[in-house]
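Chain residues, written in single-letter form:
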Amino acid sequence: MAANGTGLPMARKPLAKIVTEDKQGNGLCHDDSAKGIKAQTIDELHSLQKKRSAPTTPLEGNQGAFASLPDDERRRQQLQSISASLASLTRGAGPKVVRGDPAAKSSQAVEHVAHRHHHHVEAPTISVSDDSSLKFTHVLYNLSPAELYEQAIKYEKGSFITSSGALATLSGAKTGRSPRDKRVVMDDTTQNELWWGRGSPNIEMDEHTFLVNRERAVDYLNSLDKVFVNDQFLNWDPQNRIKVRIVSARAYHSLFMHNMCIRPTDEELENFGTPDFTIYNAGQFPCNRYTHYMTSSTSTDLNLARKEMVILGTQYAGEMKKGLFSVMHYLMPKRQILSLHSGCNMGIDGDVALFFGLSGTGKTTLSTDHNRYLIGDDEHCWSDYGVSNIEGGCYAKCIDLSREKEPDIWNAIKFGTVLENVVFDEHTREVEYGDKSVTENTRAAYPIEYIPNAKLPCIGPHPKNVILLACDAFGVLPPVSKLNLAQTMYHFISGYTALVAGTEDGIKEPTATFSACFGAAFIMLHPTKYAAMLAEKMQKHGATGWLVNTGWSGGSYGSGNRIKLAYTRRIIDAIHSGSLLNATYEKTDVFGLEIPTEIEGVPSEILRPENTWGDKKAYKNTLLKLGGLFKNNFETFTNYKIGKDTMLTQEILAAGPNF
Ligand SMILES: Nc1ncnc2c1ncn2[C@@H]1O[C@H](COP(=O)(O)OP(=O)(O)OP(=O)(O)O)[C@@H](O)[C@H]1O
Ligand SMILES: O=C([O-])CC(=O)C(=O)O
Ligand SMILES: [Ca+2]
Ligand SMILES: [Mn+2]
């Protein structure tokens, strides 16, 4: 490289000016012919860059809360509603809210409104004005992904654009959910309705303590220059759709929920009205350990009567997603609709499969299948009309993600996708999916339409196959077994897996876990309520149950290996196609499972776990050990009746391991 004093390589010969011919054939230098811009100043030039969003189409008739109102009035009412959401319960008014970014000069004081509320709560109202009532809270309302990217990159440390266009973020000290910090308000209604006590995820708190935490969150949010507000929907079944509002402090949280909940159209947003449920996410701010019921600085609090959730002391975005899922687990069964921690997809012939399983067992991986339509990866409802996804996006684990094994998920990680806690090359911004430096629970959250064969709207007919996924760290469960109804219910209630590290805070090594209904952390009623509904629906619609081990083979965790994803996919293919239903079966000892002798594309010897173990004695001991763990776990359920059918209850009790 030649030195020329500029640090740039020296050109050998000056390049000739590029000359183009105009119509008259005169040689013209192209940069002289460029027309001048319209702007006179830099500010004017910048103002040309952004076009005002087109006004949304006026509605015919009086279709919603805000229909037939002039635009200004509608926007004023929207702000009023947000101010009402953010109102302190101990002061007279909601904050002065103004729409737009505080950094953009033009938004200042244009549309501001303060909500005055009529008290329903017996809390002291302090009429003297305090400083908080003097300031404005800027509301960034349903921003677009591009706007949220800019907010995140400008203001949130640890936000970067990866080489594929995703937004890399850090969730802070918590990189998984904190189930021990979940609290649910116990009142006269919930005391009788919900599942409390041993084994239940619902740890009680009282209404007053909830209000203390709510006030803490609201005061924190109002002390900020700006908050993000998302108004969105849950549940693709239009009859049972829920309106949710998420108030948060971070662009990361707003983009995450934009992706995970159902995104309203402009028209739906105009008519949104009052939300059915509101989340106050003040995750950067801890709860107060002096507050009753608080056992750490993290608290995620559900109040079903107030239809509110408060988040303090954790920025892990999955808390919002799973908090809303808990709410659905309460609301839907009241309407005779079964809520499910399951993935769901549909074949070209309309055959629907549900994939149940605890975190990391393969719901997202296996429901995302290039040969089938994806209905959803994690949360569904099963009503009298079929299945519907609760969410509008997917939340995939991305540790060791590979383009070859999971191409659809790989390709979904592009502009708009939130990538949590991944490590990337500081220069190329290429993500190193194998890197666990921040956490093992790295995640990608993307809108469901980023999967090319997503089924939109995300609904489908009644399921034909119900696949229970277990990631068996002991390596003794067969790769696949066919279940009768009683066995399906037994395994559904047991909810066995080896919890893969990371998704729940504090778990570092896989261990055997039992989690009723494959999601005890999110259910609100007693597990037998959901189980009875599942049995009734499976029976009525003739669905077949399967148990698929996506975990170890040839030995336990540490000595055996995880079953190859390619084999699991062949097994799932055989379930979908119906070919496995007609295979030849033999029965296993201890668990009494029906296992097929062969499946196309899968080595037959792995279908029978004991074949794959070198040490047969160790196999037998491990099998008995796991059987014992199942028995112990199920003891708590032996006193419950499952549904109206006493026969079924007896059969379920007998469907467990026998030795
Ligand atoms: N045989 C297998 N079957 C399924 N998944 C496998 C298998 N082997 C390895 N895996 C890996 O296991 C993980 C399964 O995670 P997945 O995201 O599907 O979990 P999930 O059930 O959706 O959990 P969550 O409810 O936490 O989202 C993926 O990282 C996948 O690549
Ligand atoms: O909730 C989360 O953080 C991830 C998830 O899907 C689960 O744990 O089931
Ligand atoms: Ca998932
Ligand atoms: Mn999940």
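Residues numbered from 1 in each chain as written. Chains lettered and ligands numbered in written order. Predicted model: local features only at pLDDT ≥ 70, side-chain atom pairs only at ≥ 80, totals over all residues. Heavy atoms only, no water.

**Details of the site of ligand 1**
Here's step 1: The environment of ligand 1 is formed by 20 residues, the closest being Ser359, Gly360, Lys363, Glu406 and Arg443.
Here's step 2: Within the side chain of Lys363, an N or O atom sits 2.8 Å from an oxygen atom of ligand 1.
Here's step 3: Side-chain polar atom of Glu406 to an oxygen atom of ligand 1: 2.6 Å apart, as the coordinates give it.
Here's step 4: Coverage of ligand 1 by the protein chains reaches 91% of its 650 Å² of free accessible surface.
Here's step 5: The element that contributes the greatest number of residues to the shell around ligand 1 is helix α10 (residues 363-367), accounting for three residues. (Near = heavy atom within 4 Å. Polar contact = N/O pair within 3.5 Å; in protein donor to acceptor, adjacent residues only side chain to side chain. Areas by Shrake-Rupley, 256 points an atom, 1.4 Å probe, with all protein chains shown as cover. Helix = DSSP H or I, 4+ residues; strand = E, 2+ residues; numbered from the N terminus.)

**Let's talk about the coordination of the calcium ion (ligand 3)**
A metal bound by six donors in octahedral fashion has ideal angles of 90 or 180 degrees, whereas one bound by four tetrahedral donors has an ideal angle of 109.5 degrees.
Here's step 1: Around the calcium ion (ligand 3), the protein contributes the donor atoms Thr364 (OG1) and Tyr395 (O), at 2.1 to 3.0 Å from the metal centre.
Here's step 2: Between the calcium ion (ligand 3) and the manganese ion (ligand 4) the interatomic distance amounts to 4.8 Å. Here Thr364 is found in helix α10, whereas its partner Tyr395 is found in strand β21 (residues 393-397), with 31 residues between them in sequence.
Here's step 3: Of the residues examined, Tyr395 reaches a relative accessible area of 5% and is grouped as buried. (Donors = N, O, S within 2.8 Å, 3.2 Å for Na, K, Ca; no water. Buried < 20%, exposed > 50% of the residue type's maximum accessible area, 1.4 Å probe, protein only.)

**With respect to the coordination of the manganese ion (ligand 4)**
Here's step 1: Protein coordination at the manganese ion (ligand 4) comes from Lys322 (NZ), His341 (NE2), Asp378 (OD) and Asp378 (OD), with a distance range of 2.2 to 2.7 Å.
Here's step 2: Between consecutive donor residues of the manganese ion (ligand 4), the sequence gaps follow K-x18-H-x36-D.

**Points about the domain arrangement of the protein**
Here's step 1: For the protein, the assigned domains read domain 1 (72-123 + 131-142), domain 2 (143-171 + 400-439), domain 3 (176-335) and domain 4 (460-654).
Here's step 2: In this assembly, five residues from domain 1 lie in contact with four residues from domain 2.
Here's step 3: Interface of domain 1 and domain 2: buried area, both sides summed, is about 360 Å²; carbon and sulfur atoms make up 47% of it.
Here's step 4: Counting the surface domain 1 buries against domain 2, the share from its top three residues, Asp101, Leu140 and Asn142, is 81%.
Here's step 5: Applying the counting criterion to the domain 1 and domain 2 interface returns zero salt bridges.
Here's step 6: A breakdown of the residues in the side of domain 1 that touches domain 2 according to their chemical character gives three nonpolar, one polar and one charged. (Domains from an automatic or database assignment. Contact = heavy atoms within 4.5 Å. Buried area = accessible area lost by both parts, 1.4 Å probe. Salt bridge = Lys/Arg side-chain N within 4 Å of Asp/Glu carboxyl O. Nonpolar A, V, L, I, M, F, W, Y, C, P; charged D, E, K, R; others polar.)

**Brief notes about a nonpolar patch on the surface**
Here's step 1: A surface patch of nonpolar side chains, amounting to about 400 Å² of accessible area, comprises Ile37, Ile42, Leu45 and Leu48.
Here's step 2: Inspection of the secondary structure assignment puts Leu45 in helix α2 (residues 42-49).
Here's step 3: Judged by relative accessible area, which is 34%, Leu45 ranks as partly exposed. (Patch = residues over 30% accessible without salt bridge, like charges linked within 9 Å, V, L, I, M, F, W, Y side chains within 5 Å.)

**Remarks on the packing of helix α4 (residues 145-155) against helix α7 (residues 251-260)**
Here's step 1: For the pair α4 and α7, the least separation of the axes is 8 Å and the interaxial angle reads 155°. By the criterion of interaxial angle, the relationship of α4 to α7 is roughly antiparallel. As α4 runs across α7, the sense of the crossing is left-handed. Of α7, the residues touching α4 (which contributes Pro145, Leu148, Tyr149, Gln151 and Ala152) are Ala251, Ser254, Leu255 and His258.
Here's step 2: Along the lines of polarity and charge, the residues of the contact of α4 with α7 split into six nonpolar, three polar and no charged. (Axes fitted to C-alpha atoms, helices over the stretch in contact; angles between N-to-C directions. Parallel < 35°, antiparallel > 145°, perpendicular 65-115°, else oblique. Left-handed = near helix turned anticlockwise from the far one by under 90°.)

**Looking at the state of the cysteines**
Here's step 1: If you walk through the whole model with that rule in mind, you get zero disulfides.
Here's step 2: Cys458 supplies the cysteine sulfur nearest to Cys344, a cysteine that is in no disulfide, at a spacing of 9.5 Å.
Here's step 3: Under the relative-accessibility criterion, Cys344 is labelled buried at 0%.
Here's step 4: Here Cys394 stays unpaired: no disulfide links it, and the sulfur of Cys458, its closest cysteine neighbor, is 8.1 Å away. (Disulfide = S-S within 2.5 Å.)

**Details of the nonpolar core**
Here's step 1: If you look at the biggest cluster of nonpolar residues, it comprises 120 residues, and the most contacted ones within it are Phe356, Leu419, Tyr446, Phe492 and Ile652.
Here's step 2: Residue contacts for Tyr446: discarding those within four places in its chain leaves Asn259, Thr364, Gly393, Cys394, Ala396, Ile409, Ala412, Thr417 and Ile451.
Here's step 3: Grouped together as the second largest cluster of nonpolar side chains are 28 residues, Leu89, Val185, Val229 and Met294 included. (Core = buried A, V, L, I, M, F, W, Y, C linked by side-chain atoms within 4.5 Å.)

**With respect to the pattern of salt bridges**
Here's step 1: Scanning the entire structure with this criterion turns up 23 salt bridges.
Here's step 2: Between Arg214 and Glu308 there is a salt bridge, with its nearest N and O atoms 2.9 Å apart. Within this pair, whereas Arg214 is found in helix α6 (residues 207-223), its partner Glu308 is found in strand β14 (residues 308-312), the two being separated by 94 residues in sequence. Accessibility classification places Arg214 together with Glu308 in one group, the buried group.
Here's step 3: Between Arg570 and Asp573 there is a salt bridge whose closest N-O contact spans 3.0 Å. In this pair, Arg570 and Asp573 both sit in helix α14 (residues 565-577), three residues apart, roughly one turn of the helix.
Here's step 4: One salt-bridge network, in which partners are shared between bridges, spans Lys321, Lys322, Lys363, Asp378, Glu379 and Glu391.

**Considerations on unusual backbone geometry**
Here's step 1: The linkage connecting Leu456 with the following residue, Pro457, adopts the cis geometry, with an omega of -10°.
Here's step 2: Not every positive phi belongs to a glycine, and Phe518 is a case in point at roughly 50°.
Here's step 3: As for its position among the elements, Phe518 is in the loop between β30 (511-514) and α13 (527-541).

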